[in-house]
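Understanding the architecture of this molecule
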Amino acid sequence: MQKEARKNDFSQGNIPSTIARMAVPLIAAQLINVLYSVVDRIYIARIPHVGLTVLAGVGLTFPIVTLISAFTALAGQGGAPLFSMARGEGQDERAGRIMGNSMLMLLFFAVFCTLAGYLVKTPLLRLFGASDDTLPYAQDYLNVYLLGTPFVMAALGMNPFINAQGFTRVGMMSVLIGALTNVALDPLFIFVFNMGVKGAAVATIISQALSAAWTLAFLTGRRSLIRLRLSLMKPDFPLMGRIASLGLSSCTMSVTESLVQAVCNASLGQAGGDVYITVMTIINSIRQIIMMPIQGFSQAAAPVMSYNYGAKRMDRVRTCFRVQVVVAFTLSLIAWALAQLAPRLLIQLFNGGDELMNVAVPAVRLYFATFIFMFMQSSGQHSFVALGKARRAMFFSLLRKAFIVAPLAVILPRFMGPWGVFTAEAISDVVGSSACFVTFMLTVWRTELSSAAGRRLAE
């Protein structure tokens, strides 16, 4: 235990090496996590005769699934940075209470989201652009998926507490177990048992149940530096408020993502029909794939930044940010080039024919035209969260999606048809990302981190 604690003391050692050590399994975990949803869509697109229609139906469920993720982020992404700061300050008891109260919040949210989902799913799907052809498939998927909400929340919401202790390989395994199970079960339930879209949902919840079991078994076991115990799960409402306050940024990001998905699907349905909703479903899948390494690296840097911020090692916080910016820029450039030079390769994963390809190829290039600017959003957004700057992080979550993409996705199609929806995302990548990054540099970097680092060096 002492050896593990020394190894995961983020105030010591070389910063790039420490982040890299954590980033490799985290990026692998992100890649594996993408398999959950993307593999579902790849198999669904290959259902004979109706695959692309079913794919559009599943795409219409994304806003609801994303809303569930938003509540998960409120507790998990809100609690993990506080947990890391408490560890950096040497307050292990408080860190344990943070983890315990995060778990309580996840349990409450799981019950709420399941019940609410069944009550409002049909009117929401209609609002999101479901047609008579796509609505039955969307309903079939959600009817099964909502049953697994507690598993989804436990797996995704508590895994950050494993990574925050430095056990990124264990965190990767929790994702790997579920993803491999999902890959194996998808064709079995979809094609062999002839369950279609319901089979994809069944495979997903079984997989998430296994991930949740692994995650909770580790956090309650001997290897965990700070264990999840019932004695530390007593409700502490002020602490829950602090967790929710910090998690509100990630939650808001997911809520606004849900809003944008709904607005885009509705606009595409009116301006272009189901084929454009199918294309947007494919684009969302591609975005998950190419965002994966950027998010994985940012998640690796976050606990190191939070820990050193709690330990008052501002010089190391600055180094973390520099490393994050360089890597995020490199990965964003590679992702942008892939989307521009090889869109057909990405689209072919989803069994697209010539008709779909004629729409999807230019749509992918337009949607990702300015994706290289995302390194600014990723670096600034994750750093605001890691340093506990909840209000600023939440504002920039809202700015890019709710204040830029959503209005433009309604306005631009009046002049550009369905292509206006894809243009809206390209505009937001430039404006929203630049605003987030510049604000971080002019506020946190030039004031708090700069002066604190200077005082430490002077001492």
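For the structure itself, consult the block above.
Residues numbered from 1 in each chain as written. Predicted model: local features only at pLDDT ≥ 70, side-chain atom pairs only at ≥ 80, totals over all residues. Heavy atoms only, no water.

**Concerning the overall build of the protein chain**
This is how it is decided: Helical segments are the DSSP runs of H or I of at least four residues, strand segments are the runs of E of at least two, and each set is numbered from the N terminus. The quantity called the radius of gyration is restricted to C-alpha atoms. Its globule counterpart is 2.2 Å times the number of residues to the power 0.38. For the exposure calls, accessible area comes from a 1.4 Å probe over protein chains only, and a residue counts as buried if that area is under 20% of its type's maximum, exposed if over 50%, partly exposed in between. We call two residues contacting when some pair of their heavy atoms lies within 4.5 Å. To measure how exposed things are, a 1.4 Å probe is used in the Shrake-Rupley method; for residues, cover is taken only from the protein chains shown. Positive charges come from Lys and Arg, negative ones from Asp and Glu, while His and the chain ends are left out of the count. By convention, the charge on Lys lies at NZ, on Arg at CZ, on Asp at CG and on Glu at CD.
A tally of helices and strands in the protein chain yields 18 helices and zero strands. Scaling as 2.2 N^0.38, a compact globule of 459 residues should have a C-alpha radius of gyration of about 23 Å, and the protein chain matches this with 21 Å. Expressed as lengths along the three principal axes of its C-alpha atoms, the size of the protein chain is roughly 70 × 45 × 35 Å. Taking all 459 residues of the protein chain together, 59% fall into the buried category. A sequence separation of at least 24 residues applies to 83% of the contacts in the protein chain between residues at least 6 apart. A total accessible area of about 18000 Å² is found for the protein chain, and carbon and sulfur atoms account for 65% of it. A distance of 10 Å separates the average location of the 36 positive side-chain charges in the protein chain from that of its 20 negative side-chain charges.

**Digging into the packing of aromatic side chains**
Quick reminder of the rule: Stacked, edge-to-face and tilted labels apply to pairs of Phe, Tyr and Trp rings (six-membered ring for Trp) whose centres lie within 6.5 Å, assigned for plane angles under 30 degrees, over 60, and everything in between, in that order. Counted as over-ring charges are cases with an Arg CZ or a Lys NZ within 6 Å of the ring centre that also lie within 35 degrees of the ring normal.
According to the stated counting rule, one finds 20 aromatic pairs in the structure shown. Judged by centre distance (4.8 Å) and plane angle (70 degrees), the ring pair of tyrosine 367 and phenylalanine 368 falls under edge-to-face. With relative accessibility at 0%, the residue phenylalanine 368 sits in the buried group. Seen from the ring of tryptophan 445, arginine 318 lies directly overhead, with NZ or CZ sitting 4.0 Å from the centre.

**Thoughts on empty space enclosed by the protein**
Let me state the cut-off plainly: Throughout, the protein atoms alone are placed on a 1 Å grid, and a set of points is a cavity if a 1.4 Å probe fits but cannot get out or a pocket if it is open with protein on both sides within 12 Å along at least five of seven lines; lining residues have an atom within 4 Å of a point. Grid points are joined across faces, edges and corners, and a volume is the space filled by probe spheres set on the points.
In total, this model carries two cavities of 30 Å³ or more according to the counting rule given. Space inside the second largest cavity adds up to approximately 70 Å³. Glu257, Val260, Gln261, Cys264, Met280, Asn284, Tyr367, Lys401, Val405, Val421 and Glu425 together form the lining of the second largest cavity. Contributing elements (two or more residues each) for the lining of the second largest cavity: helix H10 (237-271), helix H11 (274-310), helix H16 (390-411) and helix H18 (419-458).

**Looking at a nonpolar patch on the surface**
To be explicit about the condition: Patch definition: residues above 30% relative accessible area lacking any salt bridge, with like charges linked at up to 9 Å and the nonpolar side chains Val, Leu, Ile, Met, Phe, Trp and Tyr linked at up to 5 Å. Here a salt bridge means any side-chain nitrogen of Lys or Arg lying within 4 Å of a carboxyl oxygen belonging to Asp or Glu.
Side chains of Leu188, Phe191, Val192, Phe193 and Met195 sit close together on the surface and give an oily, nonpolar patch of about 420 Å² of accessible area. Here methionine 195 is to be found in the loop between helix H8 (168-192) and helix H9 (197-219). Since its relative accessible area comes to 31%, methionine 195 is described here as partly exposed.

**Comments concerning the environment of valine 364**
Among the structural elements, valine 364 can be located in helix H14 (residues 354-367). For valine 364, a relative accessible area of 0% corresponds to the buried category. With 20 residues separating them along the chain, valine 364 and arginine 344 place their C-alpha atoms 9.2 Å apart. Beyond its immediate sequence surroundings of up to four residues, valine 364 is in contact with Ile283, Ile286, Ala339, Pro343 and Ile347.

**What to know about H16**
Counted only if it meets this: One fewer than the residue count of a helix, multiplied by 1.5 Å, yields its expected span. The quantity called bend is, for any residue, the angle between two axes fitted respectively to the seven residues ending at it and the seven beginning at it.
Compared with an ideal rise of 1.5 Å per residue, which puts 22 residues at 32 Å, H16 spans 30 Å between its outermost C-alpha atoms and is within 8% of the ideal. At leucine 399, H16 is deflected by roughly 40 degrees, the largest bend along its length.

**Considering the packing of H11 against H14**
The following threshold applies: Interaxial angle, 0 to 180 degrees, is taken between N-to-C directions of lines fitted to C-alpha atoms, where a helix line uses only the stretch in contact. For this classification, under 35 degrees means roughly parallel, over 145 means roughly antiparallel, 65 to 115 means roughly perpendicular, and everything else is oblique. Each crossing is labelled by how the near helix is turned from the far one, with a counterclockwise turn of less than a right angle marking it left-handed and a clockwise turn marking it right-handed. Each residue is assigned to one of three groups, with Ala, Val, Leu, Ile, Met, Phe, Trp, Tyr, Cys and Pro labelled nonpolar, Asp, Glu, Lys and Arg labelled charged, and all others, Gly among them, labelled polar.
Running from N to C, H11 and H14 point in directions that differ by 50 degrees, and their axes come no closer than 10 Å. By the angle between their axes, H11 is oblique relative to H14. Like other packed secondary-structure pairs, H11 and H14 cross with a definite hand, here right-handed. Across the interface between the two elements, Val275, Tyr276, Thr278, Val279, Met280, Ile282, Ile283, Asn284, Ile286 and Arg287 of H11 pack against Leu356, Val359, Ala360, Ala363, Val364 and Tyr367 of H14. Residue composition of the contact of H11 with H14, grouped by class: 13 nonpolar, two polar and one charged.

**Section: the pattern of salt bridges**
One pass over the structure, following the stated rule, counts eight salt bridges. Here arginine 126 ties to aspartate 132 by a salt bridge, and the two come within 3.0 Å at their closest N and O atoms. The structure contains a network of salt bridges with shared partners spanning Glu257, Arg287, Arg400, Lys401, Glu425 and Asp429.

**Looking at the side chain of serine 102**
If you trace the backbone, serine 102 turns up in helix H5 (residues 92-127). The buried category is assigned to serine 102, whose relative accessible area is 0%. Excluding anything up to four places from it in sequence, serine 102 contacts Ala75, Gly79, Phe161 and Ile243.

**Some words on the state of the cysteines**
We apply this condition: Pairs of cysteine sulfur atoms within 2.5 Å are identified as disulfides in what follows.
The final tally for this structure, using the stated rule, is zero disulfides. Free cysteine: cysteine 436, not disulfide-bonded; nearest cysteine sulfur from cysteine 320 at 17 Å.

**Looking at the nonpolar core**
Soluble globular proteins tend to pack their nonpolar side chains together in the buried interior. Inclusion rule: Nonpolar cores were defined as sets of buried Ala, Val, Leu, Ile, Met, Phe, Trp, Tyr and Cys residues, with membership established by side-chain atoms within 4.5 Å.
Ile19, Ile283, Phe368 and Phe422 are the most contacted members of the largest nonpolar core, which totals 146 residues. Sort the elements by how many residues they give to this core and H11 lands first, with 19 residues. With residues near it in sequence (within four places) discarded, phenylalanine 422 still touches Leu268, Tyr276, Val279, Met280, Ile283, Ala363, Leu366 and Tyr367.

**So, the side chain of serine 306**
As for its placement among the helices and strands, serine 306 is situated in helix H11. Apart from residues no more than four positions distant in its own chain, serine 306 is found in contact with Pro81, Ser84, Met85 and Ala386.

**What to know about the environment of glycine 432**
Mapped onto the elements, glycine 432 comes out in helix H18. Placed 279 residues apart in sequence, glycine 432 and methionine 153 show a C-alpha to C-alpha distance of 29 Å. Sequence-distant contacts of glycine 432, that is, excluding residues within four places in its chain, are made with Gln377, Leu399, Arg400 and Ile404.

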